[in-house]
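Topology and contacts: notes
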Amino acid sequence: MKSTHYLIFIFVLFSTTAFCKTDYQIKGFSEKYTGLISIEEGNKDEVFNNGSISIIEASTGKSIITIYAEGLTLDIDTTAKTIPLQLPYDKQRFFIAQDFNFDNITDFAIRDGRNSCYGGPSYQVYLQTERGLKHSEEFTQLAQNYCGMFDIDYKTQTIHTSTKSGCCEHEYSTFKVDKNKPVVMEIVKSDFIINSVLERHIKKTRIENQMLEREYNTLRDDLDLTLIYSLTFKGGKTMELFHLKADEEYLVYIFKNKSEEIELAYSGKFIFNKNEQTLTFTKHKTMYQIHNDGITVKLPKRTANLKADAINNTALSSVLEIAFSNLEIK
């Protein structure tokens, strides 16, 4: 019998500990509502605990929405004796009171766990209507399927999300609100092109009821690149020569339009002719000859001369100051 009583005592002890919780009352974000956050006590070594987040009707004290969530944490002093503890709205990260659909009425996003990308915070979204708060599946998907909570730009009345995969693949989306639902207007996917200085982008833009797609490249911003020479042409197009510091020193040629989209990139073999003061390379049976005031493009059946509108202060011969592994001097 003594043994049985001992087991019952242990069970009661663990049951009491498992259900201990601390309540935090949130005020100051709305005249109509207050918030209540309940954090369950777990192991002292645990970073995240479980709990619930509620929206309370201020006039009645009635909880109108309660969501149970996993993976909660509070970095605040919990030694106060007031029960429930008073927690300033701006000191918590569990629910957001903000206008999401641009109708100048406060809506709510309530933390439901860490379900967004890479274990980031996720939310359930409720819009304020004439009949009270209503759950929005469409806005909730924006707070679940991307990286964390979406961003709002009130100036342009747009909503922005982002997500990623691994180190190099990123996706950025822009939404407009139509009839209380977010509608995607633009999606830009980016990744690095292997063994290249380029970052590839696939951009989808909504035109009426269709998403039109185009692909373009820009210069990667994670490389050690130094601009050493450039020419500017009619229409805002630019030719640039870069010094790339990698395992060796490389010379890189970039030709881009006024939108910074790259039309041609080259990092193969270059030839510098000291007598002619020209820098030459060949790609796809087309020879490109750079001189101090423009570029000569020699195709199999014709030749085009591109005269620069502006030249920087550095001479083309400055490429000789660095021992590029892909530059031959004649």
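Our structure's up above, just so we're on the same page.
Residues numbered from 1 in each chain as written. Predicted model: local features only at pLDDT ≥ 70, side-chain atom pairs only at ≥ 80, totals over all residues. Heavy atoms only, no water.

For strand 23 (residues 294-298), a buried count of 4 out of 5 residues is recorded, marking the element as mostly surrounded by other parts of the structure. Taken together, strand 22 (residues 286-291) and the strand that follows it, strand 23, pair antiparallel across an intervening segment of 2 residues. As paired elements, strand 23 and strand 24 (residues 303-307) share 5 bridges and run antiparallel to each other. Pairing of K298 across the sheet is with T303, part of strand 24. (Buried < 20%, exposed > 50% of the residue type's maximum accessible area, 1.4 Å probe, protein only. Helix = DSSP H or I, 4+ residues; strand = E, 2+ residues; numbered from the N terminus. Pairing = 2+ DSSP bridges.)

Our next topic: the nonpolar core. Of all hydrophobic cores here, the largest spans 24 residues; its most connected members are M239, L241, L251, Y253, L279, I290 and I295. Breaking this core down by element, the ones donating at least two residues are strand 16 (225-232), strand 17 (238-245), strand 18 (249-256), strand 19 (262-266), strand 20 (270-273), strand 21 (278-283), strand 22 and strand 23. By size, the runner-up hydrophobic cluster in this structure holds 21 residues, among which are A69, F95, A97 and I110. (Core = buried A, V, L, I, M, F, W, Y, C linked by side-chain atoms within 4.5 Å.)

This part is about the sheet that holds strand 6 (residues 95-98). The 4 strands are arranged 6-7-8-9 in an open sheet whose pairing can be described as antiparallel. The open sheet terminates on both sides in strands that have one partner only, identified here as strand 6 and strand 9 (132-135). The average angle at which neighbouring strand axes cross in this sheet is 35 degrees, direction not considered. Sheet topology note: the strand 6/strand 7 (residues 107-116) ladder contains 4 bridges and is antiparallel. (Axes fitted to C-alpha atoms, helices over the stretch in contact; angles between N-to-C directions.)

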